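Here is what each chain is made of, one letter per residue.
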Amino acid sequence: MSAIAQRPSVSQRAADLFRENQLAICQRTDRLFARLMILQWCAGVVVASWLSPRTWAGVYSEPHVHVWAATLLGGLISFLPVFLASTCAGTKLTRHVIAISQMLTSALLIHLSGGRIETHFHVFGSLAVLACYRDWRVLVSATVVVSADHFVRGVFYPQTVFGVLSASPWRVCEHAAWVVFENAFLTVAINQSVGEMKAIARQRAELEGSHDGLVESGERYQAIFGEMVDAVVVTDDFGIVEQFNPAAEKMFGYAADEAIGQNVSMLMPSQYREEHDGYMQRYRRTGIRHILGEGREAVGKRKNGSTFPIHLTLSEVLLKSSSAGVERKRLFIGIVRDLSTVKEIAELKQAKADLIIAKEAAEAASRSKSEFLANMSHEIRTPMTAILGFTDILSQTATKLEDVDAISTIQKNGKHLISLINDILDLSKIEAGKLETECIICSPVKIVEEVTSLMRVRATAKGLPLNVRYDGLLPETICSDPTRLRQVLTNVLGNAIKFTESGSVDIVTRLLNEPGMKPQLEFDIIDTGIGITPENIQKLFRPFTQADSSMTRTFGGSGLGLAICKRLVEGLGGDISVSSEIGTGSTFSLRIATGSLADVQLMEAPIERPSISNCDDVQVTSEASPSLRGIRVLLAEDGFDNQRLIGFVLRKAGAEVAVTENGQIAYDLAMDATTDNQPYGIILMDMQMPVMNGYETTAKLREAGYTGPIVALTAHAMAEERQKCLDAGCNDYITKPIEQKKLIALVKEVALEAASV
C-alpha cells in the first residue's frame, strides 16, 4: 500500500492535532495549578499566623481555634489536586478537581481574612486562570462550588464571608451575579480561542499534507531517476551537469560527484562537442529546435577514453519561478541508451530465435522420422502377416523334404525381417528419448532361466553346452524392467551362441553389494568363440556397425542389437562392457541396478543346470488350439490376403466369420447385428482402412452405445500405438504378423469374458 493510501485525511489529521494541542494545554495548566496550590497553602499559613488573629480578636494577637482548623484544611484541599496533577495530568477528572479545590482555597482565604473585600478578588482571578484550560465546563464546576459556599456561609455565617454579623441575602446574589458575568465573558473568550486552535490545527494538517506530498513526490522522482535502465543526464542552460543517475554512472564510468558541476561535453568525443554546442547556441539565440524532443544517434565517450554508439533524446523543462519578475530556470534532460548493448541483446534474441527455429525443425524431423518408421512398420508387417501365416499353414501339410526346407527358409527369413524391424523401431525410440523402462518387482533367477530355456534350443542345434552358474547369494527379487532385461540377455546370449562354433557358452550371475555403493546385479556371458580385436571393440556399440564387415556375410545381422542393448542397460541404471581375445573367446559383462534391497531376502544360489549338448532334437508339443465354436467374429481388414489368412485361421478353429474391407461397412454390420439381437462375439478391427479407419469406426461405435468387445488389429508396433487404440475404445491390441495360436487364444479369452458379463 502506498504512503498516500496510508496517510489520514486532512480533517482527521486536524482533529488529531487539535486534541494533541488541547491535551498539552491541559497538562501545562495542571502543572501550573499544582505549583499555585502549594503557593496558596503557604500564603494561607502566613495569613493565619499574622492577619487572622487581628481580624478576629482586634488588638489581641491570640490565634483562634478555627484558624488552626482552616490552616490544616488548606493542606487537605491542596493535597488531592497536587497529587492528580503529578500522576495523571491532562485528564478531565484532574481539571475538575483542581477547579473545585481552587474555589475552596478562595473560600478559605476569604474566611481567614475575616471576609475582607480584597480577598473576594481571589475568586475572580481563579476563574480567569481556570479559563486557561480552554474548557468552559471547568468554569461550571467552579461556579457551582463558589456559589454554594457564599450562599451557605452568607446565610448562616455572614461574618466569614462579608465581615459583618448580618448581611442581606441580596448581597449573596450580587456576588453570584458578578461571577456569572465573568463566566459569560470567559466562555466567549474560550470558544474564540478553541476556534482559533482548530483553525491552526487544520492549517498545520494542510501544510503537513502538502509537505508529505512534496516529500513523496521527491522520493518517487528519486526512485524513478535512480532505477531507470537508461542513463539520464540533467544539465542547466549552460550545459553544466546537475544530475547524473546510477545508469549514467555505469554507462560512462564517472561517479555522480565527478560529473556534477562539469560541462556535459566531457561525455562526448571532441568532434561531437562543437556540433552539440552549436545546436544549443542556435536554440538560445533563435528559439528554433533542432535536436530537442527528437531522438538521434550519436557517439559517447567513457571515462577511460573509449567511445561507443548511443541513442540520445534531449528534452527541455522550464521550472516555475519562485517570485514575480524572476526568470524561470531552464533545464535540459538527456536520456541516453547504449546502442552497443542493444545490438548485443538483439543478436542474442536473434540467436535464440534461430535456436527455437532449429529446435522446431529438429522436432518436426523427429516426428517425420517416427511417422516414417511407423508407416514402414505397417507396410512391411501387413504383407508379412500373409507370408508367415500361409507358410505356417503350409508347414502343417507339407510332406516332401524339399517343400519343408523351402517353407522353413521362408519362415526363418521372415522372422529375421520382423526382428530387424523391431530393432530399428527400438533404436528410433531410444534416440528420440521415448523408450521408457519400468520398475516392477521381478525375480532375476526366473528371468535367467526363461532366457536360457529359450536359447538352449539354438545352442543344442550347434552342439554347444549352455551352462548357467550363480555366484554367491542372490536377491529373491529386484526392482527393474523384466521385459527389457530379458531382451538384453537374449540378444547378448544369442550373439555368443552365433559366434561360437565349438566349446561352450556360460552365463554367470552374481550380486555386487559393496558398502557405500548402490547394489547391482552382474551378468557375465562367456563364450569360446572367434573373439574380437581391441580396435573392433570400440565399434561394437555403434548402430549398424559390426566388428568386421565380413561378419555380415558369414553370420548375418544388422549391427543394431548391441547398440540397443547398451542403451537399454543404461536405462536400467547400469552399463555393459566387453573383454575379448582373438581365437579364445569373449566375455560380455552387463550390470543393472537392483533398487533397494533393504527388505529383500538373499537366497542361496540355485543348483547349476547342466547343458544338454548331445541330445536328440527337442520335440515340442503344443496343446490343441482352443475351440472357437459358437463365436461370431466380425473381421474388418482391407488387405485381401490377410482377410483370407485370418478368416481361414478363425474358421478352422470353429468360429463363424464375417469379413468387411472398410470401417463404414463394419460399423453398419455391427449395429445391424445388435439391432437384430444377434451381436458379434468380437470385432477384429484393422486400424488402417479406407473410407473410415479403425480409430474412427471404434469411436463411432462407442458413441452409438455399442458395448461388445473390439480388438485392435494393427501393423503399427510403436509403444504409443497400443495406448492410442485403447483410448479409441478398443478392449485389447494385437500386432501383425499374426501368430495363429496367440490370435485364437486372445479371441476366445475376450469373447468369453464379454459373454460372461
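Everything in this summary refers to the structure shown in the same document. (Residues numbered from 1 in each chain as written. Predicted model: local features only at pLDDT ≥ 70, side-chain atom pairs only at ≥ 80, totals over all residues. Heavy atoms only, no water.)

## Quick look at helix α5 (residues 117–130)
Listing the buried residues of α5 in full gives T119, H120, V123, S126, L127 and L130. The buried residues of α5 occupy an angular sector of 120 degrees when projected down its axis, which confines them to one face. (Buried < 20%, exposed > 50% of the residue type's maximum accessible area, 1.4 Å probe, protein only. Helix = DSSP H or I, 4+ residues; strand = E, 2+ residues; numbered from the N terminus. Arc of directions from axis to C-beta.)

## Regarding the sheet that holds strand β11 (residues 520–527)
Read across the open sheet, the 5 strands follow the order β7-β10-β11-β13-β12; overall the sheet is mixed. What marks the edges here is a single partner per strand, and that holds for β7 (466–471) and β12 (575–581). Averaged over all pairs of adjacent strands, the angle between their axes in this sheet comes to 15 degrees, without regard to strand direction. Note that β11 and strand β13 (residues 585–593) share 8 bridges and pair antiparallel. Looking at the pairing, F523 lines up with L590 of β13. Against the sheet, helix α14 (residues 444–461) touches β7, β10 (505–512) and β11, its axis set at about 165 degrees to β7. Sitting on the sheet, helix α15 (residues 482–498) is in contact with β7, β10, β11, β12 and β13, with an inclination near 20 degrees to β11. (Pairing = 2+ DSSP bridges. Axes fitted to C-alpha atoms, helices over the stretch in contact; angles between N-to-C directions. Contact = heavy atoms within 4.5 Å.)

## Notes on the packing of aromatic side chains
Counting across every chain of the model gives 5 aromatic pairs. Summarising the aromatic geometry, the rings of W178 and F181 are spaced 6.3 Å apart at their centres and angled 90 degrees between planes, so their arrangement reads as edge-to-face. Placement of the pair is W178 and F181 together in helix α8 (residues 169–227), with a separation of 3 residues, close to one helical turn. As far as the burial class goes, W178 and F181 line up, both exposed. On the numbers, 6.4 Å between centres and 45 degrees between planes, the contact of F244 with F252 is tilted. The two residues F244 and F252 agree in class, both being buried. Put simply, the rings of F244, F252 and F308 pair up and form one aromatic cluster. (Phe/Tyr/Trp six-rings, centres within 6.5 Å; stacked < 30°, edge-to-face > 60°.)

## Some points on the pairing of strand β17 (residues 682–686)
β17 sits mainly inside the fold: 5 of its 5 residues count as buried. Of the two faces of β17, both are covered, the one formed by I682, L684 and D686 as well as the one formed by I683 and M685. Alignment of strand β15 (residues 632–636) against β17, held across 4 bridges, turns out to be parallel. Note on β17: the bridge partner recorded for L635 is L684. In this sheet, strand β18 (residues 710–714) lies alongside β17 in parallel orientation, the contact comprising 4 bridges. Bridged to D686 within β18 is L713. The parallel pair β17 and β18, bridged by helix α21 (residues 694–703), forms a crossover whose chirality is right-handed. (Right-handed = clockwise from strand over helix to strand, strands pointing away.)

## Brief notes about the pattern of salt bridges
With the rule as written, the count across this model stands at 18 salt bridges. R591 is the salt-bridge partner of E522, the closest N and O atoms lying 2.8 Å from each other. Residue E522 is located in strand β11, and its partner R591 is located in strand β13; the two are separated by 69 residues in the primary sequence. With relative accessibility at 7%, the residue E522 sits in the buried group. The structure contains a network of salt bridges with shared partners spanning D471, R510, E522, D524 and R591. (Salt bridge = Lys/Arg side-chain N within 4 Å of Asp/Glu carboxyl O.)

## What to know about the state of the cysteines
One pass over the structure, following the stated rule, counts 1 disulfide. Sulfur-sulfur distance for the disulfide between C439 and C479 comes to 2.2 Å. Here the residue C439 occupies a position in the loop between α13 (401–431) and β6 (440–442), and C479 occupies one in strand β9 (residues 478–480), the gap between them amounting to 40 residues. C439 gets classed as exposed once you look at its relative accessible area, which sits at 53%. Cysteine C730 shares no disulfide, and the gap to the nearest cysteine sulfur, in C725, comes to 5.3 Å. (Disulfide = S-S within 2.5 Å.)

## Here's the deal with a nonpolar patch on the surface
Side chains of F79, L80 and F83 sit close together on the surface and give an oily, nonpolar patch of about 330 Å² of accessible area. Inspection of the secondary structure puts F79 in helix α3 (residues 65–87). With relative accessibility at 58%, the residue F79 sits in the exposed group. (Patch = residues over 30% accessible without salt bridge, like charges linked within 9 Å, V, L, I, M, F, W, Y side chains within 5 Å. Areas by Shrake-Rupley, 256 points an atom, 1.4 Å probe, with all protein chains shown as cover.)

## Examining the packing of α14 against α15
Look at α14 against α15: their axes get within 10 Å of each other, and the N-to-C directions meet at 30 degrees. On the basis of the axis angle, α14 is roughly parallel to α15. Along this stretch, α14 crosses α15, giving a crossing that reads as right-handed. Within the contact between the two elements, α14 uses I447, V448, E450, V451, T452, L454, M455, R458 and A459 and α15 uses P482, L485, R486, L489, T490, L493, G494 and I497. The residue makeup of the contact of α14 with α15, split by class, is 11 nonpolar, 3 polar and 3 charged. (Parallel < 35°, antiparallel > 145°, perpendicular 65-115°, else oblique. Left-handed = near helix turned anticlockwise from the far one by under 90°. Nonpolar A, V, L, I, M, F, W, Y, C, P; charged D, E, K, R; others polar.)

## Here's the deal with the nonpolar core
In this structure, L489, V492, F523, I525, L590 and I592 are the most contacted members of the largest nonpolar core, which totals 42 residues. Those elements that provide at least two residues to this core are α14, β7, α15, β10, β11, α18 (561–571), β12 and β13. It is α15 that contributes the most residues to this core, 7 residues altogether. For F523, the residues in contact, after removing those within four places along its chain, are V448, L485, L489, V508, T509, F588, S589, L590 and I592. Within the second largest apolar cluster, 27 residues are counted, among which are C26, I98, M103 and V138. (Core = buried A, V, L, I, M, F, W, Y, C linked by side-chain atoms within 4.5 Å.)

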